[in-house]
Amino acid sequence: MKIDGIPYRSVWVEPGDGWSIRIFDQTRLPWALDILRLTDAVQVAQAIRSMQVRGAPLIGAVAAYGVALALRQDASTENLERVVTELGATRPTAINLRWALARMRAALHNLPPGERVAAAYAEAAAICDDDAETCRRIGENGLPLIKAAARAGKCVNILTHCNAGWIATVDWGTALAPIYMAHDAGLPVHVWVDETRPRNQGAALTAWELGSHGVPHTVIADNAGGHLMQHGQVDLVIVGTDRVTRNGDVANKIGTYLKALAARDNGVPFWVALPHSTLDMSVADGVAEIPIEERDGAEVTDLTGRTADGRIETIRVAAAGSPAANPAFDVTPARLVTGLITERGRCDASEAGLRALYPEKG
Ligand SMILES: CSC[C@H]1O[C@H](OP(=O)(O)O)[C@H](O)[C@@H]1O
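No experiment lies behind these values; they were computed from the predicted model shown. (Residues numbered from 1 in each chain as written. Predicted model: local features only at pLDDT ≥ 70, side-chain atom pairs only at ≥ 80, totals over all residues. Heavy atoms only, no water.)

## Topic: the overall build of the protein chain
Summing up its helical and strand segments, the protein chain has 12 helices and 18 strands in all. Scaling as 2.2 N^0.38, a compact globule of 362 residues should have a C-alpha radius of gyration of about 21 Å, and the protein chain matches this with 20 Å. In terms of its C-alpha atoms, the protein chain occupies a principal-axis envelope of roughly 60 × 55 × 45 Å. Across the protein chain, the fraction of contacts at a sequence separation of at least 24, relative to all contacts at a separation of at least 6, is 73%. Counting only carbon and sulfur atoms, one obtains 52% of the accessible surface of the protein chain, whose full area is about 14,100 Å². Of the side-chain charges in the protein chain, 35 are positive and 42 negative, and the distance between the mean point of each set is 2 Å. (Helix = DSSP H or I, 4+ residues; strand = E, 2+ residues; numbered from the N terminus. Rg over C-alpha atoms; globule rule 2.2 N^0.38 Å. Contact = heavy atoms within 4.5 Å. Areas by Shrake-Rupley, 256 points an atom, 1.4 Å probe, with all protein chains shown as cover. Lys, Arg positive; Asp, Glu negative; His and termini not counted. Charge placed at Lys NZ, Arg CZ, Asp CG, Glu CD.)

Below, the structure is given as structure tokens:
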């Protein structure tokens, strides 16, 4: 996508040296556009853990380049296994991380060490190209839902949670891809942007993305969505996801489940956008089986923002001494999901629906 008219992806190889990796520091957005240069797998792991780079498809893509960086230093099988394990342990919920690392391992394991570095960069680049094209197709397959909701030129009000935009993927995004395409096609769309406590991916990242692209939007408190649905101000909900099970259960940012409940209670369609790399056909019961990342309670008790004089500061908003719990994801049961938007089309949130689109997935 473009920033000030300049096209960017959210991860790329530094053209100046041909091997280091560039990412945006997403903990500094929207107040600063800091581009980081990663030169080894330790830096990649830290960037993922600290959420300088985040978003299910993107952490998989960046981890893939982390494998290439590690092999530049030591292309042995032991080091390949080590870096796959270490990067795979950085965040537990998004299956894309494990999918990308498994794909890298499969592409490299049987090669002679001397061929592994070039092959690693090629496979990581292929993962990035696949993600960008996959997300573009998700946009195409989600667009008809917005067109169908546009009645006689009435603005379509879409609610989204967290950030599933181009900065959460290599390009285009998942939940936001259909919105970008609808906007670019001249359809009147408006987005209710859940702020998405505690890290405010919505208020900070989704609002920044949509504003940069000129898409009308309004930031709202996470708890406002149900009220807006009750008053007919939400035509549909589109969210991203970090893992979808074979029966259609959806892991996504904490708070998604509550939006799905409100949507069901108010008859609002609740759609989930995902690329193939987010599918986990090995899991049936998402609530019971998907590991939910527990992050530092300081993300709940503290808040980061920009002061009036432009400094980026973190302040405590909770009572001194009060502990905080911080589950970073929840699981929305398939029964609350209207349907899934994928690069291969739309389907029911069910095993039958997914197997019809992905017959090759075991
Ligand atoms: C394109 S799906 C992105 C997905 O990842 C986000 O989680 P995080 O910001 O913690 O990486 C959120 O769950 C989004 O829906």
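Moving on from the coordinates now.
## What about the packing of aromatic side chains?
Going through the model one piece at a time under the given rule, you end up with six aromatic pairs. Pairing Y8 with F24 gives two aromatic rings, centres 5.3 Å apart and planes at 70°, and the pair type is edge-to-face. With Y8 in the loop between β2 (6–7) and β3 (11–13) and F24 in strand β4 (residues 21–24), this pair connects stretches of sequence that are 16 residues apart. According to the relative accessible area criterion, F24 is buried, its value standing at 1%. The structure contains a cluster of three or more aromatic residues connected by ring pairs, namely Y8, W12, F24, W166 and W208. Here the guanidinium or amino end of K253 rests over the ring plane of F329, the centre of that ring lying 3.9 Å away. (Phe/Tyr/Trp six-rings, centres within 6.5 Å; stacked < 30°, edge-to-face > 60°. Buried < 20%, exposed > 50% of the residue type's maximum accessible area, 1.4 Å probe, protein only. Lys NZ or Arg CZ within 6 Å of the ring centre and 35° of its normal.)

## Notes on the confidence of the model for the protein chain
Averaged over all residues, the pLDDT of the protein chain equals 97, while 100% of them reach at least 70. With a pTM of 0.97, the predicted complex shows an ipTM of 0.98. (pLDDT = per-residue confidence, 0-100.)

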